[in-house]
Amino acid sequence: GIGKAIASFERTIVSGPSPYDRFLQGDKKALSTEAQRGMEIFNGKGTCIACHSGPLLSDQSFHNLGIGMNAAKPDIGREAVTKDAKDRGRFKTPGLRNVANTYPYMHDGQTPTLEAVVELHNKGGIPNPDLDSLIKPLGLTDTEKNELVAFLEALTGPESVVTAPKLP
């Protein structure tokens, strides 16, 4: 019941077009120069687009970044559901729409800021035997990391909450 209630509430939250959406629709001033450089990093050197693609900015797949794998009792992720060792430590790629409002990050909330998420990816995740082959150190400079964060923040649009109908 709690899950259904949360899902019902989440369906009432509507987000307006983000600066990124407006930029894609032709408003070249919608993204700051810093965010535009961040978009180039997202699509290029940062390799973010490999997993964060499509309209939701998610490949809807499962990847092992190493989160929880360095614990005394590792978080085996999707393997707990599939019982397949190849799924060890894999978690679903989240969509990045409104990402600036969805902190803390990662499935366990251990990453408190977008800056920390970018740093985790820049370091190549958390080493473990099942680390996804797409996760590699990026070698981003401090400036590039800031630009990438600016782009991620530009994926968040203005929010409004739609009033749900009252139940009898």
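Look up: the structure comes first, before these words.
Here we summarise the structure given alongside this text. (Residues numbered from 1 in each chain as written. Predicted model: local features only at pLDDT ≥ 70, side-chain atom pairs only at ≥ 80, totals over all residues. Heavy atoms only, no water.)

## Thoughts on the environment of Gln-60
In this fold, Gln-60 is placed in the loop between helix H3 (33-43) and strand S2 (62-63). For Gln-60 and Thr-93, which are 33 residues apart along the polypeptide, the C-alpha to C-alpha distance reads 5.8 Å. In terms of polar contacts, Gln-60 uses its side chain to reach the side chain of Lys-92, at 3.1 Å. (Helix = DSSP H or I, 4+ residues; strand = E, 2+ residues; numbered from the N terminus. Polar contact = N/O pair within 3.5 Å; in protein donor to acceptor, adjacent residues only side chain to side chain.)

## Regarding the layout of surface pockets
What the largest pocket holds in volume is close to 920 Å³. Forming the walls of the largest pocket are 39 residues, and the residues nearest its centre are His-52, Thr-93, Pro-94, Leu-96 and His-121. Going through the elements one at a time, strand S3 (91-92), helix H5 (114-122) and helix H6 (142-153) are the ones with two or more residues in the lining of the largest pocket. Broken down by element, the lining of the largest pocket gets its largest block of residues, 4 residues, from H5. Class assignment of the residues belonging to the lining of the largest pocket gives a composition of 22 nonpolar, 14 polar and 3 charged. (1 Å grid on protein atoms, 1.4 Å probe; cavity = no way out; pocket = protein on both sides within 12 Å on 5 of 7 lines; lining within 4 Å. Points joined across faces, edges and corners; volume = space filled by probe spheres on them. Nonpolar A, V, L, I, M, F, W, Y, C, P; charged D, E, K, R; others polar.)

## Some words on the side chain of His-52
Inspection of the secondary structure puts His-52 in the loop between H3 and S2. Side-chain polar atoms of His-52 contact the backbone oxygen of Leu-57, separated by 3.0 Å. Non-local contacts of His-52, meaning those with residues more than four positions away in its chain, are made with Phe-42, Leu-57, Ser-58, Thr-93, Pro-94 and Leu-96. (Contact = heavy atoms within 4.5 Å.)

## Quick look at the nonpolar core
Phe-42, Leu-96, Leu-148, Leu-152 and Leu-155 are the most contacted members of the largest nonpolar core, which totals 25 residues. Those elements that place two or more of their residues in this core are helix H2 (19-24), H3, H5 and H6. Considering every element that reaches this core, the biggest residue donor is H6, with 5 residues. When residues no more than four places from it in sequence are discounted, the contact partners of Leu-155 are Ser-18, Tyr-20, Leu-57, Leu-96, Arg-97 and Asn-98. Counting 5 residues, the second largest nonpolar core, distinct from the first, contains Leu-65, Leu-120, Ile-126 and Ile-135. (Core = buried A, V, L, I, M, F, W, Y, C linked by side-chain atoms within 4.5 Å. Buried < 20%, exposed > 50% of the residue type's maximum accessible area, 1.4 Å probe, protein only.)

## Quick word on the pattern of salt bridges
Summed over all chains, the structure comprises 8 salt bridges. Here Lys-145 makes a salt bridge to Glu-119, at a shortest N to O gap of 2.6 Å. Separated by 26 residues along the polypeptide, Lys-145 in helix H6 and Glu-119 in helix H5 bring together distant segments of the chain. We classify Lys-145 as buried; its relative accessible area is 15%. Glu-119 gets classed as partly exposed once you look at its relative accessible area, which sits at 24%. Salt bridges sharing common partners tie together Asp-84, Lys-86 and Asp-87. (Salt bridge = Lys/Arg side-chain N within 4 Å of Asp/Glu carboxyl O.)

## A word on the environment of Ala-80
The topology assignment puts Ala-80 in helix H4 (residues 79-82). Separated by 16 residues in sequence, Ala-80 and Leu-96 place their C-alpha atoms 25 Å apart.

All we've got here are geometric facts, nothing functional implied.
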